[in-house]
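# Summary of structural features
In case you want the letters, here they are:
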Amino acid sequence: MRYYGSVYRPPSEARSLIVQVTYGCSHNTCAFCSMYKEKRFALRPLEEILEDFHTARELYRHVEKVFLADGDALVRKAAELYAILDLIRELFPECRQVTCYASPSSIRIRTEEELRTLREKGLVMVYMGLESGCDAVLAKMRKGHPAAEIIAMGRKVRECGIALSVTAITGLGGPELLERHAIETAEAFNAMNPEYIGMLTLMVERETPLYDWVQSGEFQLLTQPQVLEETRLMMERLDSPGSVFRMNHASNYLVLRGTLNQDKAAMLAEIDRAEHDLSRLRPESWRGL
């Protein structure tokens, strides 16, 4: 297997076969993100991709899950994606799911027919970053898309039969936009009603614009009580029946797990307990990305 540069994958893909079909991220200007900075976005030669899958078949006896890296596999031509998925089905009949990251831009260029065909050929889920439902936060963080466009692309994916996993980041609006960030992020999740919702808590990475803003005092980080306040505001307004909610990333101070809306009260109760006893939170030194 051949890899170029740092390779990232969602936590749930820890046991997946990872093959790069693109290099880097097609956007790669988000102010909070330090990923893929050592390489320019590029399409990997198709021949190399197919060769790596043949190599993987020789190396691994059983492959149940495949993750197509790097940051935005859906930007490839539909015919090339079909060829990749067809080969996966041929070489790994035991494979039960193929997933990838997707951006609003790459979803927009795919027709509904193409998305449905991708699902038929084995692409069962895509991971998409919402980050925030608040346009002021998205603009500040240079996300490149307003909330309405991200929501529309998430709905498009789901309507074509592909499952959707969406992430957002607590603290991304700072104290100034705490309330709007919480409420409007919940509204965005509700509008998409994704199969999976993942919440991270903001961590500041060196060599990012956000790091410079924090150092200069332009951006203020939330305190632990403020993170809990924001989490409560969001949870109170979440109405996304059937969505599996996970706030168990290494970056999170508080771990929350449940299925909406049935476990909402239990998760709010857990937030209550943490607000009254901050020792229940993950220590700062234990957090990571």
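See the structure above.
The following paragraphs examine the structure supplied in this document. This structure is a prediction, so every number in the text was calculated from the model and none was measured. By convention here, each chain's residues receive numbers from 1 onward along its written sequence. Thresholds applied to this predicted model are a pLDDT of at least 70 for local features of residues and 80 or more for the giving and counting of side-chain atom pairs; totals over whole chains, interfaces and linings are not thresholded and use all residues. The side-chain values count all of the structure's non-hydrogen atoms but skip hydrogen atoms and water molecules.

### Quick notes on the packing of aromatic side chains
- Under the pairing criterion, centres of Phe, Tyr and Trp rings, with the six-membered ring standing for Trp, must be within 6.5 Å; the plane angle then separates stacked pairs below 30 degrees from edge-to-face pairs above 60, leaving the rest tilted. In total, this model carries six aromatic pairs according to the counting rule given.
- With centroids separated by 5.2 Å and ring planes inclined at 90 degrees, the aromatic side chains of Phe67 and Tyr101 adopt a geometry described as edge-to-face. Highlighted residues: Phe67 in strand S4 (residues 65–69) and Tyr101 in strand S5 (residues 97–101), separated in sequence by 34 residues.
- Two limits define a charge over a ring: the Lys NZ or Arg CZ must be within 6 Å of the ring centre, and within 35 degrees of the ring normal. Here the guanidinium or amino end of Lys140 rests over the ring plane of Trp213, the centre of that ring lying 4.0 Å away.
- Over the ring of Tyr253 we find Arg287, and its NZ or CZ is 4.2 Å from the ring centre. The secondary structure listing takes helices from DSSP runs of H or I that are at least 4 residues long and strands from runs of E that are at least 2 residues long, numbered from the N terminus.

### Concerning the pairing of S5
- Only protein chains enter the accessibility calculation, which uses a 1.4 Å probe; a residue is then buried when its area is under 20% of its type maximum, exposed when over 50%, and partly exposed in between. Within S5, five of the five residues are buried, which leaves it mostly tucked inside the rest of the structure.
- Side chains of S5 alternate between two faces, with Gln97, Thr99 and Tyr101 and Val98 and Cys100 buried alike.
- Bridge count for S4 against S5 is four bridges, and the pairing is parallel. Bridged to Phe67 within S5 is Thr99.
- Seen with the strands pointing away from the viewer, any crossover whose path from the first strand over the helix to the second strand runs clockwise is right-handed. Between the parallel pair S4 and S5, the chain is carried across by helix H2 (residues 78–91), and the sense of this crossover is right-handed.
- Examined bridge by bridge, S5 and strand S6 (residues 123–131) share four bridges and lie parallel to one another. The partner of Val98 across the bridge, within S6, is Leu123. Strand pairing is defined by DSSP finding a minimum of two bridges between the two strands.

### As for the sheet that holds strand S9 (residues 244–247)
- Taking strand neighbours across the sheet as the criterion, the eight strands line up as S1-S4-S5-S6-S7-S8-S9-S10 in an open arrangement whose pairing is mixed. One side of each edge strand has no neighbouring strand; the edge strands of this open sheet are strand S1 (17–20) and strand S10 (256–259). On average, adjacent strands in this sheet sit at an angle of 20 degrees to one another, irrespective of strand direction.
- Sheet topology note: the S6/strand S7 (residues 163–170) ladder contains six bridges and is parallel. Across the sheet, Glu131 pairs through a bridge with Ala168, a residue of S7.
- Running at roughly 160 degrees to S1, helix H1 (residues 46–59) makes contact with S1 and S4 of the sheet. All axes are obtained by fitting lines to C-alpha atoms, using only the stretch in contact for helices, and the reported angles, taken between N-to-C directions, cover 0 to 180 degrees. Two residues qualify as a contact provided that any one of their heavy atoms is within 4.5 Å of a heavy atom in the partner residue.

### Section: the state of the cysteines
- Cysteine sulfur atoms are paired as a disulfide whenever they come within 2.5 Å of each other. Taken as a whole and assessed by the stated rule, the structure comprises zero disulfides.
- The structure places no disulfide on Cys30, whose sulfur is separated from the nearest cysteine sulfur, that of Cys33, by 6.2 Å.
- Exposure remark for Cys30: the relative accessible area of 11% places this residue in the buried category.
- Looking at the unpaired Cys95, the closest cysteine sulfur is the one in Cys100, lying at 13 Å.
- By relative accessible area, which is 18% here, Cys95 ends up buried.

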